[in-house]
Amino acid sequence: MGNFKPRGPRPPNSNNRPPSGGAPHPAGPRPASVTPRPAGSRPPYRGGNQARSSNPMSNRSAAGTLKTHEGLVSEQTFAGPGGEHVRVIVLGGLEEVGRNCTLIEYKNDIIIIDLGLQFPDEDMPGVDYIIPNMAYLKGKEKNVRGVVITHGHYDHIGAIPHIIPAIGNPIVYALPIAAGIINKRQTDYPGSKIVVKNITVQSELQLGIFKVHFFHINHNIPDSAGIVVETPAGTICHTGDWKFDYHPVGAPPADLHKIAQVGMNGVMLLMGDSTNAGQPGQQTSESVIGEELRTILEKAKGRVIVGTFASLLSRVKQLMEISESLGRKIALEGYSMKTNVEIARELGFININPKSIIPIEKVGDYAPNKVTIICTGAQGEQRAAMSRIANDEHRFIHVERDDTIIFSSSVIPGNENTVQRLKDVLYRKRARVIHKDMMDIHAGGHAKKEDVKLMLSLFKPKYYMPIEGNHFLLRENAEVAYSMGWKEEDVFVADNGQIIEFWKDAATGLGVGAMTPEKIPSDYVFVDGLGVGDISQVVLRDRQALAEDGMIVVITQVEKQTGRLVGEPDIVTRGFIHTKENKELIVEAGLAIRKALMDIDPASMADPNGIKDKVREELGKFIFVKTQRRPMILPVVIEV
Ligand SMILES: [Zn+2]
């Protein structure tokens, strides 16, 4: 959906990256353009076993009819091929880590699970983030019955301010912590009004034809839930981000009982987190990390400065509570850290005596071994607190010899060098640095292989669909299901935008499904602070060219009647070469342009576009031969 409004300001601090949860967060893939197939040219199904000819969205129903909106009529036979189908479309999160978003559609009812953002790659200069493409909902806004959120991480909620107003303002349903973060973030976008409804994990929602309920799951932010959607074709379960933690912090263990119960009633499709699914074993419990952190804090001679993700609220909670129990005051640094802790305290997730929290400027008033500083920037982000503290750019905190610095997070791939540089700076100051390769000071938030096996055993879905990860992560997740006997055709490894359809088999009454080769648009939509969707790949290419080789502006004056060059071309460069030291090259470039414009036919009128092309081409060649660079060339032609 192109240029939608309202335009929000750039968030005050973008340190609030979703946590990697110990997961390898590979850099996202290159943007892929997906063209929707024209109507009427449906190729045959890959996994389907019945021939079908009609459009799945047609209102013709083959076997039995199904009332919409008036609740589920499960005893009726759901239309088989040729009738209406339940469509499951993952718009983001199948080819990347981030911008998670799933649509479930049946006739005139659509629900959306999660509306996340993705952080840009290094080759997308100036882009703040990427959000799911909602072009498919154009004209269908009235069908959207609600948006259901699994948890409060930005890769699951970050696109809400940009997308909700553009799709008819559907209600957003979220558990308290997620709702708190969504509402707080909304204050950065005053023009965009959204309705967020607080739910509990016991809530049951009727959203159009879909009955939606939840199961409690562990992750590294509280209030994380999996979602159960009862559809006319069968039950669909979506895990969100999850792990099983038998000793979680501030939350009960995952509700295996409910999961098993849903499984007993029959699950047609399970959509499951792939982030760590390929890693052997079970995910570490958050409380193990707590024990390790307590030991470190007890032994620390001076101040303890911890860098972590602001969204890793379970970790932040432990750090604060352990510090308090050891008589340490706590100072928080980083905008997202402060706001998230505020939300968590309001909701009672973090229980701390207000006197234990001190403003950062008061840190100097206390003995070093009575202070813990919790800050953002464990990824070495330049403007974030940890980096400013390390580089003596912080107003109140400077690293001293007896300080203990803890990096309590994983390093997102791509950030290794930055983090290493940051560590070097800290070691140089002789601080004690502790990172996760040295001790168990970080637990991921995502299920590993053995966790996935247990989940599959409890749900026993007919179909399994790996979600939330790059393609290789989806494949690794699929392998787990194969190893337990799921057949390849029953595990759907799809691409973003690919339509998967489900219907009830007329003979058995059971839900069956197939991946279709059809795709809806899922191309990147960029948000760059100024707007949404108004920059494209072309703009990005220009930004890259400018960043790499700079630009040259060539101003030429030509006679209107003949196109003959008047005077010398004026050459201005930026980010290309230092003109003062390269006068000769500029003079030669001027000559090259002059030469290129010599053979213009004086009998005809000036052709500004022809002249521009010629300047671009000839000067481009000349510059490349001389410098091996390809700066952007902007010719300006003035007719006199
Ligand atoms: Zn998450």
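A. Molecular detail of the pattern of salt bridges. All told, the structure shown has 20 salt bridges when counted by the stated rule. For Glu501, the salt bridge is made with Arg87, and the minimal N-O distance between the two is 3.4 Å. Of the two residues, Glu501 is situated in strand E19 (residues 498-504) and Arg87 in strand E1 (residues 86-92); the sequence distance between them amounts to 414 residues. No difference in accessibility class separates Glu501 from Arg87, as the two residues are buried.

B. Structural view of the sheet that holds strand E14 (residues 329-333). Pairing in this open sheet of five strands is parallel, and the strands run E14-E15-E13-E16-E17 from one edge to the other. Looking at strand neighbours, the two that pair on one side only are E14 and strand E17 (432-434), the edges of this open sheet. Averaged over all neighbouring strand pairs, the angle between strand axes comes to 20 degrees, with direction disregarded. In terms of strand pairing, strand E13 (residues 304-307) meets strand E16 (residues 404-407) through four bridges, oriented parallel. Bridge pairing in E16 links Gly307 to Phe407. Against the sheet, helix H5 (residues 286-299) touches E13, strand E15 (371-375), E16 and E17, its axis set at about 165 degrees to E16. The sheet contacts of helix H7 (residues 335-346) involve E14 and E15, and relative to E14 the element is tilted by about 125 degrees.

C. Quick look at the packing of helix H10 (residues 449-459) against helix H11 (residues 471-483). Where H10 meets H11, the axes come as close as 10 Å, and the angle between the chain directions of the two elements is 55 degrees. Judged by the angle between their axes, H10 and H11 are oblique. Considering the relative orientation of H10 and H11, their crossing is right-handed. Contact with H10, carried on its side by Lys449, Val452, Lys453 and Leu456, involves Asn477, Val480, Ala481 and Ser483 of H11 and no other residues of that element. Split into classes, the residues belonging to the contact of H10 with H11 amount to four nonpolar, two polar and two charged.

D. Spatial organisation of helix H4 (residues 256-264). Along H4, the positions that sit buried rather than exposed are Lys258, Ile259, Val262 and Gly263. Axial view of H4: buried residues confined to an arc of 140 degrees, hence all on one face. H4 presents His257 and Met264 as exposed residues on the side facing more than 90 degrees away from its buried surface. The first or second residue beyond H4 is Gly266, which carries a positive phi of 100 degrees.

E. Up close: the nonpolar core. Counting 65 residues, the largest nonpolar core has Ile112 and Leu115 as its most contacted members. Formed by 62 residues, the second largest nonpolar core is a distinct cluster that contains Tyr106, Ile111, Leu207 and Trp486.

F. Looking closely at the coordination of the zinc ion. Summarising the metal site, the zinc ion is bound by the protein donors His151 (NE2), His153 (ND1), His219 (NE2) and Asp241 (OD), whose distances to it range over 2.2 to 2.3 Å. Note that the zinc ion binds four donor atoms; their angles at the metal cover 92 to 166 degrees, and the shape is irregular. When the donors of the zinc ion are listed by position in the chain, the intervening gaps give H-x1-H-x65-H-x21-D. Of this pair, His219 sits in the loop between strand E9 (210-216) and strand E10 (225-231) while Asp241 sits in the loop between strand E11 (234-238) and H4, placing them 22 residues apart in sequence. Looking at His219, the relative accessible area reads 8%, which means it is buried.

G. Just the side chain of His213, in detail. In this fold, His213 is placed in strand E9. In this structure the side chain of His213 is engaged in a polar contact, spanning 3.0 Å, whose partner is the side chain of Glu230. A distance of 3.0 Å separates the side chain of His213 from the side chain of Lys258, its partner in a polar contact. What His213 contacts, discounting residues up to four positions off in sequence, is Ser203, Glu204, Gly226, Ile227, Val228, Glu230 and Lys258.

H. Structural context of a nonpolar patch on the surface. Taken together, the side chains of Val566, Val636, Ile638 and Val640 define a hydrophobic patch exposed on the protein surface, amounting to about 270 Å² of accessible area. Structurally, the position occupied by Val640 is in the segment after strand E24 (632-639). Accessibility expressed as a relative area gives 47% for Val640, which makes it partly exposed.

I. Region of the structure containing the sheet that holds strand E23 (residues 565-574). Strands sit in the order E23-E22-E24 across an open sheet of three strands; the sheet is mixed. Pairing within the sheet leaves two strands with one partner each, and these edge strands are E23 and E24. On average, each strand axis in the sheet is tilted by 15 degrees relative to the strand beside it, whichever way the strands run. Here strand E22 (residues 551-558) pairs with E23 via seven bridges, running antiparallel. Bridged to Ile552 within E23 is Thr573. Running at roughly 135 degrees to E23, helix H13 (residues 583-596) makes contact with E22 and E23 of the sheet. Relative to the sheet, helix H14 (residues 608-627) contacts E22 and E24, its axis offset from that of E24 by approximately 145 degrees.

Reading the values: the criteria
Residues numbered from 1 in each chain as written. Predicted model: local features only at pLDDT ≥ 70, side-chain atom pairs only at ≥ 80, totals over all residues. Heavy atoms only, no water. Salt bridge = Lys/Arg side-chain N within 4 Å of Asp/Glu carboxyl O. Helix = DSSP H or I, 4+ residues; strand = E, 2+ residues; numbered from the N terminus. Buried < 20%, exposed > 50% of the residue type's maximum accessible area, 1.4 Å probe, protein only. Pairing = 2+ DSSP bridges. Axes fitted to C-alpha atoms, helices over the stretch in contact; angles between N-to-C directions. Contact = heavy atoms within 4.5 Å. Parallel < 35°, antiparallel > 145°, perpendicular 65-115°, else oblique. Left-handed = near helix turned anticlockwise from the far one by under 90°. Nonpolar A, V, L, I, M, F, W, Y, C, P; charged D, E, K, R; others polar. Arc of directions from axis to C-beta. Core = buried A, V, L, I, M, F, W, Y, C linked by side-chain atoms within 4.5 Å. Donors = N, O, S within 2.8 Å, 3.2 Å for Na, K, Ca; no water. Tetrahedral: all angles 85-135°; square planar, octahedral: opposite > 155°, others 65-115°. Polar contact = N/O pair within 3.5 Å; in protein donor to acceptor, adjacent residues only side chain to side chain. Patch = residues over 30% accessible without salt bridge, like charges linked within 9 Å, V, L, I, M, F, W, Y side chains within 5 Å. Areas by Shrake-Rupley, 256 points an atom, 1.4 Å probe, with all protein chains shown as cover.

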